[in-house]
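Now for the letters of each chain:
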Amino acid sequence: MEPPIKPDESDCCNSGCSPCILDVYEDQLRKFRAAKCSSQTLANCLSLTSYSVFRLAATKGHTKDSRFFTFQYKAYTPIYVENQVSNCFTVLVKLYENGRASNLFKTLRVGTETLWRGPYGDFRINYEQKHMLFIAQGTGLAPFYNILIKMLNNEDCYCFLTLIFCCQEKNILLRDELYKLKDYWNFQCELFISGPNKHSFDKKYNEIVHFNRITVEDIQRFMESVKGSFKVLICGSQSFCDNIKNILLECNVAKENITVF
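About the cut-offs
- Residues numbered from 1 in each chain as written.
- Predicted model: local features only at pLDDT ≥ 70, side-chain atom pairs only at ≥ 80, totals over all residues.
- Heavy atoms only, no water.
- Pairing = 2+ DSSP bridges.
- Helix = DSSP H or I, 4+ residues; strand = E, 2+ residues; numbered from the N terminus.
- Axes fitted to C-alpha atoms, helices over the stretch in contact; angles between N-to-C directions.
- Contact = heavy atoms within 4.5 Å.
- Buried < 20%, exposed > 50% of the residue type's maximum accessible area, 1.4 Å probe, protein only.
- Right-handed = clockwise from strand over helix to strand, strands pointing away.
- Salt bridge = Lys/Arg side-chain N within 4 Å of Asp/Glu carboxyl O.
- Core = buried A, V, L, I, M, F, W, Y, C linked by side-chain atoms within 4.5 Å.
- Patch = residues over 30% accessible without salt bridge, like charges linked within 9 Å, V, L, I, M, F, W, Y side chains within 5 Å.
- Areas by Shrake-Rupley, 256 points an atom, 1.4 Å probe, with all protein chains shown as cover.

Caption draft 1: Region of the structure containing the sheet that holds strand β10 (residues 258-260). The parallel open sheet is built from six strands, whose spatial order is β8-β7-β6-β5-β9-β10. Of all the strands in the sheet, the pair left with one neighbour each is β8 (208-210) and β10. In this sheet, adjacent strand axes meet at a mean angle of 20° when their direction is disregarded. When strand β7 (residues 187-194) meets β8, the two strands line up parallel, connected through three bridges. If you follow Leu-191 over to β8, its bridge partner there is Val-209. Running at roughly 160° to strand β5 (residues 131-137), helix α5 (residues 216-226) makes contact with β5, β6 (160-168), β7 and β8 of the sheet.

Below you can see the structure in the form of structure tokens.
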């Protein structure tokens, strides 16, 4: 494990980011010192505190306002893509009309060199858990899809996995990919869709679809089905995460069983 490169003070944008790049550096420095003491090593082409160069290898449209972008360097996979070569990673990006990052992605062409650092967070899968509930909004689905793929492909995983995906009718990310996962005995996906006319919605065979926002009753229904302890993972906008967390707490879900990405 290489020592982290200290970022410039100017790298902090003073916008209250969580995590701040300066805090990430201090955290990585502590981990480096601990790893050094235990003689553990870890090699990865991505660094949390310094940038690495990745070339845009391919881009592909997904939904009306989102695209897949595949970058090439070394082995790393933020989004699982079947049969992808080991020196690439793919990200799913929602392209907002006037978004700063969106405008940048719109200008990228195959062959363009880009700078990346990250990813952030230290979530670890607990395969001893019996039930896990994933609640995602929009592109917050991306990290959960990775976790689900890893757990479902582990033959020693006996955890029941339930995904609640909140989205708009015309922007159901990874819908086909999620539909394929229904063949696993321990996976279930429920879509909570806002906006559509339920009579005109084109529902797939055995697809579970609700035409409302998540309520206390929906969480209570899940709790009655598992009849035991479970872990909850939430990923989405700040307001979405806060709202879902409040609903869970209202349902007497313990704080220590809730993880917000």
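That covers the picture; the talk isn't over yet.
Caption draft 2: A look at the pairing of β7. β7 sits mainly inside the fold: six of its eight residues count as buried. Here β6 runs beside β7; their pairing, made up of eight bridges, is parallel. Paired with Phe-165 across the two strands is Leu-191, which belongs to β7. Handedness of the crossover joining β6 and β7 through helix α4 (residues 175-180) is recorded here as right-handed.

Caption draft 3: Representation of the pairing of strand β3 (residues 88-94) within the structure. Counting buried residues along β3, six of its seven residues qualify, which places the element largely inside the surrounding structure. Pairing of strand β2 (residues 66-72) with β3 involves seven bridges; the strand directions are antiparallel. Directly across from Gln-72, in β3, lies its bridge partner Cys-88.

Caption draft 4: Summary view of the pattern of salt bridges. Counted under the stated rule, the structure contains six salt bridges. Taking the shortest distance from any N to any O, the salt bridge between Arg-175 and Glu-207 comes out at 2.7 Å. Here Arg-175, found in helix α4, pairs with Glu-207, found in the loop between β7 and β8; they are 32 residues apart in sequence, far enough to count as distant. Across the pair, Glu-207 and Arg-175 agree in class, each one buried. Here Glu-190 ties to Arg-221 by a salt bridge, and the two come within 3.3 Å at their closest N and O atoms. Of this pair, Glu-190 sits in strand β7 while Arg-221 sits in helix α5, placing them 31 residues apart in sequence. Looking at Glu-190, the relative accessible area reads 6%, which means it is buried. What makes Arg-221 partly exposed here is its relative accessible area of 35%.

Caption draft 5: Up close: the nonpolar core. Core analysis: the biggest nonpolar cluster contains 32 residues, and Phe-134, Leu-161, Leu-163, Phe-165 and Leu-178 have the highest contact counts within it. Counting residues per element, the ones that place at least two in this core are β5, α3 (141-152), β6, β7 and β9 (231-235). With eight residues, α3 is the largest single contributor of residues to this core. Of all hydrophobic cores here, the second largest spans 21 residues; its members include Cys-166, Val-216, Phe-222 and Leu-248.

Caption draft 6: A nonpolar patch on the surface, seen in detail. A surface patch of nonpolar side chains, about 300 Å² in accessible area, is lined by Tyr-51, Val-53 and Leu-115. Within the secondary structure, Tyr-51 is located in the loop between α1 (21-38) and β1 (52-63). Taking the relative accessible area as the measure of exposure, Tyr-51 reaches 46% and is therefore partly exposed.

Keep in mind these values describe shape, not function.
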